[in-house]
Every structure is written in C-alpha cells, then in structure tokens.
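Observations on the three-dimensional arrangement
Chain residues, written in single-letter form:
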Amino acid sequence: MPGQSLKLGFSHGYWMMGAKVPFLWHPDSVPHLLISGITGGGKSVCAQYIVNQLLDTDAKLSIADFKAGGDWDGVVPDYGEYLECDKVLKAFYDAFLAAVKGKMRHEKYLLFDEFSSYALSKDAKGFKELMGMVSHIAFMGRSFGYHLILISQQFNAKVIDTAIREQFGVKIYMGSTISTESAAMLFPNCQIDKASHLPAHCGYISLPEKELDALMDIGQGNAGITLLCPAFLLHPHAGRMNPLI
Ligand SMILES: Nc1ncnc2c1ncn2[C@@H]1O[C@H](COP(=O)(O)OP(=O)(O)OP(=O)(O)O)[C@@H](O)[C@H]1O
Ligand SMILES: [Mg+2]
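As the structure is a prediction and not an experimental result, all values here were calculated from the model. (Residues numbered from 1 in each chain as written. Chains lettered and ligands numbered in written order. Predicted model: local features only at pLDDT ≥ 70, side-chain atom pairs only at ≥ 80, totals over all residues.)

**Examining the overall build of the protein**
When you go through the protein residue by residue, the secondary structure sums to seven helices and ten strands. Here the protein, with 245 residues, has 41% of them falling under the buried criterion. Of the contacts made within the protein by residues no fewer than 6 positions apart, 72% connect residues no fewer than 24 positions apart. (Helix = DSSP H or I, 4+ residues; strand = E, 2+ residues; numbered from the N terminus. Buried ≥ 20, exposed ≤ 12 C-beta atoms within 10 Å, placed from the backbone. Contact = placed C-beta atoms within 7 Å.)

**A word on the site of ligand 1**
The full set close to ligand 1 counts 15 residues, and Gly-42, Lys-43, Ser-44, Val-45 and His-201 are the nearest of them. Per-element tally for the shell around ligand 1: the top contributor is helix H2 (residues 43-54), with three residues. (Near = placed C-beta within 6 Å.)

**A word on helix H3 (residues 84-101)**
Along an α-helix, residues three or four positions apart point the same way, because every turn accommodates 3.6 residues. Relative to the 26 Å expected for 18 residues at 1.5 Å per residue, H3 spans 26 Å between its end C-alpha atoms, a close match to the ideal helical length. The set of residues buried in H3 consists of Cys-85, Val-88, Leu-89, Phe-92 and Phe-96. An end-on view of H3 places all buried positions within 95° of arc, on one side of the element. Across from the buried face of H3, at angles greater than 90 degrees, the exposed residues are Lys-87, Asp-94, Ala-98 and Lys-101. Where H3 is buried, its residues touch strand S4 (60-65), strand S5 (79-81), strand S6 (108-113), helix H4 (115-120), helix H5 (124-144) and strand S7 (146-151). Trailing H3 by a residue or two, Lys-103 shows a phi angle of about 50°, which is positive. (Expected span 1.5 Å × (residues − 1). Arc of directions from axis to C-beta.)

**Some details on the environment of Ser-36**
Relative to the assigned elements, Ser-36 resides in strand S3 (residues 33-37). Assessed through the 26 C-beta atoms surrounding it within 10 Å, Ser-36 is described here as buried. Each C-alpha atom, one on Ser-36 and one on Leu-150, is 8.3 Å from the other, the two residues being 114 residues apart in sequence. Each residue touching Ser-36, except ones within four places of it in the same chain, is listed here: Ser-152, Gln-153, Gln-154, Phe-155, Ile-172, Tyr-173, Ser-182 and Leu-186.

**Thoughts on the confidence of the model for the protein**
Of the residues in the protein, 82% reach a pLDDT of 70 or more, and the chain-wide mean stands at 82. In this model, residues 210-228 is a region of pLDDT below 50 whose contacts with residues beyond four sequence positions or in other chains number 36 contacts. Low pLDDT, under 50, characterises residues 234-245; the stretch is placed with 40 contacts to residues that sit more than four places away or in other chains. (pLDDT = per-residue confidence, 0-100.)

In structure tokens, the structure reads:
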C-alpha cells in the first residue's frame, strides 16, 4: 500500500518522559528491514508488532521461520518452516521476477526469521543461489514493492555481504548490550557506549532518513519498566544531529 508507514517502536528517551513518540518505517522509500539481537532480546516480538500493522493493510505477507519457534504459526497462509522455507522464498522470488518482467508493482513482504541459520545450513551452491535471490530483491525490490524483513541473531559477513547489508536502510538491534562485532556490522558510523545496559526488550535503531541524536541519559537506571511494545534507545550517528520528529 503506497504511502504507508509502520511503527517500529518508541523512542526510549521520550518514553521515559511519558510521551510515546514512535519511530516510523516508510517502506516506499526504505524497502527493507533488518532485525538483529541477542537470544530473547525481543526480535520476534518486535517483528510481530510490525506484522500486526501489515496485516491491517492490503500488503501480502509471506513468512519463513527456519527454526519454527512457534512465533509465526497461523499468522498467514503463505508460511513455511524448516526446509519449507525454500519453497516460500522461491515463490516470493518468482513473483518478484514476474513483477520485474511485467513491470508491475505489488506490495509484498517476506519476513524471514532465523535467516542466518537458514543461510548457513546451505552448501556452497545453495548459499550462492540464496544470495543471488536476496541481493536481487534487496537491490531492486523497491521499484516493484517487494520488501524483505530479515531477522537473525547475527548478520556477519559470512551470512550477508556488506553490499547487500547496506540495502537494509532500517536496522534494529534488540538487546541490553551489543557486542563490538554487531555494533561494527550494523551501526558502523556510530558510537555506542558498550558499558551501558538498556532495559530488557529495548534496543538500538538506525534509520537512514534522519540522523538522530541520543535522547536519553544512558547512565540512568531504568529497571522495572514493563514495556508493552518495543522501545528503542536512539544512538547518535556520526555527523549531523537532529532531534527526532
Ligand atoms: N516489548 C516487550 N515487552 C514485554 N516483553 C517482551 C517484549 N519483547 C519480548 N518480550 C518477552 O521476551 C520474550 C522473548 O522475546 P522474543 O521471542 O521476541 O526474543 P527473540 O529475540 O526473538 O529470541 P530468539 O533469538 O530466541 O528467537 C518474549 O516471549 C516475551 O516474553
Ligand atoms: Mg525469535
């Protein structure tokens, strides 16, 4: 659905002040989303929050869950787990190819949970084929309304190369702390205080259209907050700093 925007979660800094200021994702301009983070950090819950909104639109959603953790059972008919992920991905890619060939625009999303485990389960040939499909959609999906939401604990260079990763304009990391490797991979131009601990089910987010300032005093204690939906701490990008919204 052209022009739609989806809430990704709330600014932690504003949340602490009692205001719910959401981060918005505009898939028309930024087609793809990457969600990374520690086990139990809230990746799937964050994705479910987004999926709930997508289900209220005309967009078509396919879901592949390689580890079949049960988070995506019965959400959409176009669903696959374990080896069925191949079929879901292939069907999505074929529809994309048809759209390219026919110069058509659809509004389709593929959510892939545990993507890295899936990618690393492939042999060399299978991995190459997978990356061929993912990079094609990552680079050209925007013009045809094809969107990827990839979820995984890690997105290191073994799983996804830098050129493809750069096509994911919205990057989220769910977790109280972030490793040096993940920070360098996901937020290469940012300074994150690794000594800081965010409250449970919070994380970091980077959006391309706004260079964002840190909105919260990282040092303050936030124990005991119950979050009903994901909240994020903004981190400063290098360079320009603008307030959110
Ligand atoms: N925003 C939230 N507010 C409250 N509780 C949450 C929130 N996000 C996650 N949780 C709790 O944490 C649990 C783990 O979250 P989730 O399954 O999303 O983690 P995950 O990062 O996907 O983990 P895994 O790597 O194991 O798949 C949830 O079952 C829920 O109980
Ligand atoms: Mg999960």
